[in-house]
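Structural overview for review
This is what each chain is made of:
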Amino acid sequence: MAEADVARNTRLVRREAANATTRVSADICVVGAGIAGVSAAIEAARLGRKVILVDGLPVLGGQAVNSIIGTFCGLFSNGTHGYQFTGGIANDIIRDLGRQDGALFFRHGPLTTVLYYDEVALGRWVEQTIRAEGITVLLGAVLRDVKREGRRVVELQCATRYGDVNIVADGFVDATGDAALSWNAGFECREASDATVYGTQMVVLENIDEASQPSKQEISQRMSEKGEEYGLLRREGLAFVIPGRGVAAMNMTHVETPLEPLEASKRALDGKDQADRAVQFLRREFPACFGGARVRAYGFPGIRQTRWIVGRQQLTTEDVRAGTRFDDAVARTAWPIELHDHSSGHHWHTFDEDHVHYVPLGALVPAEADNVVAAGRCIDADTAALASVRVMGPCIAMGAAAAHALDLAGTGSVHQIDLATLRERLHDNVDKVEPIHGRDRNEGIRPANAA
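Throughout what follows, the structure given in this document is the object of discussion. (Residues numbered from 1 in each chain as written. Predicted model: local features only at pLDDT ≥ 70, side-chain atom pairs only at ≥ 80, totals over all residues. Heavy atoms only, no water.)

**Regarding the pairing of strand β4 (residues 104-108)**
Summarising burial for β4: four of the five residues are buried, a large majority. Counting the residues that bridge the hairpin from β4 to strand β5 (residues 113-117) gives four residues. (Buried < 20%, exposed > 50% of the residue type's maximum accessible area, 1.4 Å probe, protein only. Helix = DSSP H or I, 4+ residues; strand = E, 2+ residues; numbered from the N terminus. Pairing = 2+ DSSP bridges.)

In structure tokens:
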């Protein structure tokens, strides 16, 4: 092409007084593309529903990918070789990432079993699966307004850098983490009134010496002794290491996560500063392991609890401790009460090996709404109870439950669905008991084609 032709290959444009708004319709709209929202969207699509998945970030995966959580917690029962609590996309992730060398690693402890994962591999799995299921995606979208007709949400108005988008659907999943959909719809919500719940700024270090890795107890002890010297708020921490990669995801900070926009932005920068101080601490105090470490990535601010819905029922600490089995149970876990309510550390209340506690559908459905179901860390629970069910295992189950509840409700109310049918559909996430076989202590998952 001639140079003159290249120069003419443009057109002049000017913003019109009122830009056109893009309109999209779906059967189910999922707001929030973290692990709960991804689970809801995929499950709804597999039920044959037309689904749109919306997120304020320009990428999918929410905190699971972009805050680099690094662990699937609450996915297994207690004990060194407990059974798996949640199926659905959890099975798919374990299968597909298990075929990739070094993408997953089981860590069996005396009371908890966690599954470490490579955040890049999980991110690509989410993207590829969402595309394969034919789910419409709207990224970088901020809720501007939510339109209601009585007890039903009828339309979302979103702003993006490319223009406004309005979404009409029969049912909506609030997987925003902050109950943003329910809040903007004008439904009653809850916030913690008596204590701050701290978030975490994760950081990934590479070029560590795994053979010299200190224990969690050693790191926490040294942080307790010297944290003030380094200006650290949190005085205990831990590393998630998949052996053989020379990489560690470090969970060593506490950061306030307010809902006020300017303060939230300031705290995000504070989190990076705390992460830098933690890295300096590791390099100096444990030089054999971390002396040559480099920061590979800072996660997005990790948020634990901020605002949540007022449901038909509230999950309580007493329910969690007693292992109350609800008639409308939709998820289960045995994860400890992990409450980060003070800057220097957190409360960690574990349960016996045979303990199970459940999440009822009533905690997922806003009392004032007929076609909204929450999933993830914005369901209705008291602060301590939420601290035991907001982890990724039960969040996957809650996402699946939201999809099935809305599918059964159709254009009716999620408060009037057939619970027997819902229980049948969610059997694997509530009743199935299948021990994990062939997993030795601290065993990694090998690729399917390995010898």
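**Overview of the packing of aromatic side chains**
This model, assessed by the stated rule, comprises eight aromatic pairs. On the basis of an interplanar angle of 85° and a centroid distance of 5.3 Å, the ring pair of Y83 and F85 is categorised as edge-to-face. According to the relative accessible area criterion, Y83 is buried, its value standing at 19%. On the basis of an interplanar angle of 40° and a centroid distance of 6.3 Å, the ring pair of F105 and Y116 is categorised as tilted. Of this pair, F105 sits in strand β4 while Y116 sits in strand β5, placing them eleven residues apart in sequence. Site record: aromatic cluster; members linked through ring pairs are F105, Y116 and F240. Positioned above the aromatic ring of W348, the side-chain terminus of K216 is 5.8 Å from the ring centre. Positioned above the aromatic ring of W183 is the side chain of R307, whose terminal nitrogen or guanidinium carbon lies 3.9 Å from the ring centre. (Phe/Tyr/Trp six-rings, centres within 6.5 Å; stacked < 30°, edge-to-face > 60°. Lys NZ or Arg CZ within 6 Å of the ring centre and 35° of its normal.)

**Structural notes on the side chain of D174**
Here D174 lies in strand β9 (residues 163-174). One buried charged side chain, D174, makes no salt bridge at all; its nearest oppositely charged neighbour is R307, positioned 8.4 Å away. Of the polar contacts made by the side chain of D174, one reaches the side chain of S182; its length is 2.9 Å. Residues in contact with D174, not counting those within four places in the same chain, are V31, A179, A180, L181, S182, V372, V373, A374, A375 and C378. (Lys, Arg positive; Asp, Glu negative; His and termini not counted. Salt bridge = Lys/Arg side-chain N within 4 Å of Asp/Glu carboxyl O. Polar contact = N/O pair within 3.5 Å; in protein donor to acceptor, adjacent residues only side chain to side chain. Contact = heavy atoms within 4.5 Å.)

**Considering the environment of G345**
Topologically, G345 is positioned in strand β18 (residues 345-349). As a C-alpha pair, G345 and K147 span 198 residues in sequence and 41 Å in three-dimensional space. Not counting residues within four places of it along the chain, the set of residues in contact with G345 comprises E236, H254 and H340.

**Section: the environment of T316**
Relative to the assigned elements, T316 resides in the loop between β15 (307-309) and α10 (317-322). On a C-alpha basis, the gap between T316 and V430 in space is 19 Å, while along the polypeptide they are 114 residues apart. When residues no more than four places from it in sequence are discounted, the contact partners of T316 are D382 and A385.

**Some points on the packing of helix α2 (residues 35-46) against helix α4 (residues 89-98)**
At a minimum axis separation of 10 Å, α2 and α4 run at an interaxial angle of 105°. Of the possible angle classes, the one that applies to α2 and α4 is roughly perpendicular. Here α2 contributes I35, V38, S39, I42 and R46 to the contact with α4, which in turn contributes I89, D92 and I93. Taken together, the residues that form the contact of α2 with α4 break down as five nonpolar, one polar and two charged. (Axes fitted to C-alpha atoms, helices over the stretch in contact; angles between N-to-C directions. Parallel < 35°, antiparallel > 145°, perpendicular 65-115°, else oblique. Nonpolar A, V, L, I, M, F, W, Y, C, P; charged D, E, K, R; others polar.)

**So, the pattern of salt bridges**
Side chains carrying opposite charge are able to pair once their charged atoms draw close together. Applying the stated criterion across every chain, the model contains 28 salt bridges. One salt bridge in this structure joins R46 and D92, with 2.9 Å as the shortest N-O distance. With R46 in helix α2 and D92 in helix α4, this residue pair connects regions lying 46 residues apart in the sequence. The exposure class of R46 is partly exposed, given its relative accessible area of 42%. Among the salt bridges present, the one from R267 reaches D270, with a minimum N-O distance of 3.3 Å. One end of the pair, R267, and the other, D270, are both in helix α8 (residues 261-285), three residues apart, so they sit about a helical turn from each other. Residue classification places D270 among the partly exposed positions, given a relative accessible area of 25%. Members of the salt-bridge network, linked through shared partners, are R46, D92, R95, D96, R99 and E133.

**Points about the sheet that holds strand β3 (residues 71-72)**
With antiparallel pairing, the three strands of this open sheet are ordered in space as β3-β5-β4. Edge positions in the sheet fall to β3 and β4, since each of these pairs with one other strand and no more. Relative to β5, β4 runs antiparallel, the two being bridged by five bridges. Opposite R107, over in β5, you have V114 as the bridge partner.

**Things to note about the packing of α2 against helix α12 (residues 392-409)**
At a closest axis distance of 7 Å, the pairing of α2 and α12 adopts a crossing angle of 35°. Of the two elements, α2 crosses α12, and the hand of that crossing is right-handed. Along the contact surface, α2 presents I35, A36, S39, A40, E43 and A44, while α12 presents M392, C395, I396, G399, A400, A403 and H404. Residues belonging to the contact of α2 with α12 are distributed by class as follows: nine nonpolar, three polar and one charged. (Left-handed = near helix turned anticlockwise from the far one by under 90°.)

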